[in-house]
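Coordinates in review
Residue strings, one per chain:
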Amino acid sequence: MRLEKCWFCSSTVYPGHGIQFVRNDAKIFRFCRSKCHKNFKMKRNPRKVKWTKAYRRLNGKDMTQDSTFEFERKRNRPERYDRNLAENTLKAIKKIDKVRVDREARHHALRMKGKKAKEQREAAKELEQSIHMVKAPAVLEKEPALTLPKIKVKVSQPQAEENHPMEE
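The structure reproduced in this document is the subject of the present report. As the structure is a computational prediction, the values presented were derived from the model and not from experiment. (Residues numbered from 1 in each chain as written. Predicted model: local features only at pLDDT ≥ 70, side-chain atom pairs only at ≥ 80, totals over all residues. Heavy atoms only, no water.)

**Quick word on a positive patch on the surface**
Judged by side-chain charge, Lys-50, Lys-61, Arg-111, Lys-115, Lys-118 and Arg-121 come together as a positively charged surface patch. Looking at the positive patch, the element that brings in the most residues is helix H4 (residues 115-129), giving three residues. Within the element layout of this structure, Arg-121 appears in helix H4. (Patch = residues over 30% accessible without salt bridge, like charges linked within 9 Å, V, L, I, M, F, W, Y side chains within 5 Å. Areas by Shrake-Rupley, 256 points an atom, 1.4 Å probe, with all protein chains shown as cover. Salt bridge = Lys/Arg side-chain N within 4 Å of Asp/Glu carboxyl O. Lys, Arg positive; Asp, Glu negative; His and termini not counted. Charge placed at Lys NZ, Arg CZ, Asp CG, Glu CD. Helix = DSSP H or I, 4+ residues; strand = E, 2+ residues; numbered from the N terminus.)

**What about the pairing of strand E4 (residues 28-31)?**
What you see with E4 is a clean split: Phe-29 and Phe-31 sit on the buried side and Ile-28 and Arg-30 on the side with no burial. With four bridges connecting them, strand E3 (residues 19-22) and E4 associate as antiparallel partners. Bridge pairing in E4 links Phe-21 to Phe-29. Linkage of E3 to E4, two consecutive antiparallel strands, is achieved through a turn of five residues, within which Ala-26 is found at a positive phi near 70°. (Buried < 20%, exposed > 50% of the residue type's maximum accessible area, 1.4 Å probe, protein only. Pairing = 2+ DSSP bridges.)

**Here we look at unusual backbone geometry**
The backbone of Ala-26 sits at a positive phi, close to 70°, despite the residue not being glycine. Its location among the elements puts Ala-26 in the loop between E3 and E4. Classification of Ala-26 as exposed rests on a relative accessible area of 58%. The residue Lys-43 is not glycine, and still its phi comes out positive at about 60°. Position of Lys-43 relative to the elements: it lies in the loop between helix H1 (34-41) and helix H2 (53-58).

As structure tokens, this is what we get:
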């Protein structure tokens, strides 16, 4: 069973799924769904469309260089079947997959490291600005330190205009 990659979003295209487009110069483009095919026809660049693998790799959101990706490459060289080799390959695939998952988790943790502190700062700022919603008004009157400083604003009074009857 041959699993192809979508030309646009790099997801897996299983047999019997997706669309295949062959250009006049015999270049074959495979798409996993109509969304990718339509974006290709609209001449969109996959590196600029945020949901594609190309965008995620280019902007540091997914891992780009890792030795585990070398095992996923497509090889067109036929190999003679050897039962021991096939057994060892299947064991290696499981180990490599586990290593890749661990590395991806570490990459994600490094990306999200500063986010928690930033969220806490934003939450503290929001709480400071809207403390009146959390504390009762009586407590705020007793402890003036909890309230924000009040700013005096001059409001101009509109001049009272005399009512003139409408002239005909």
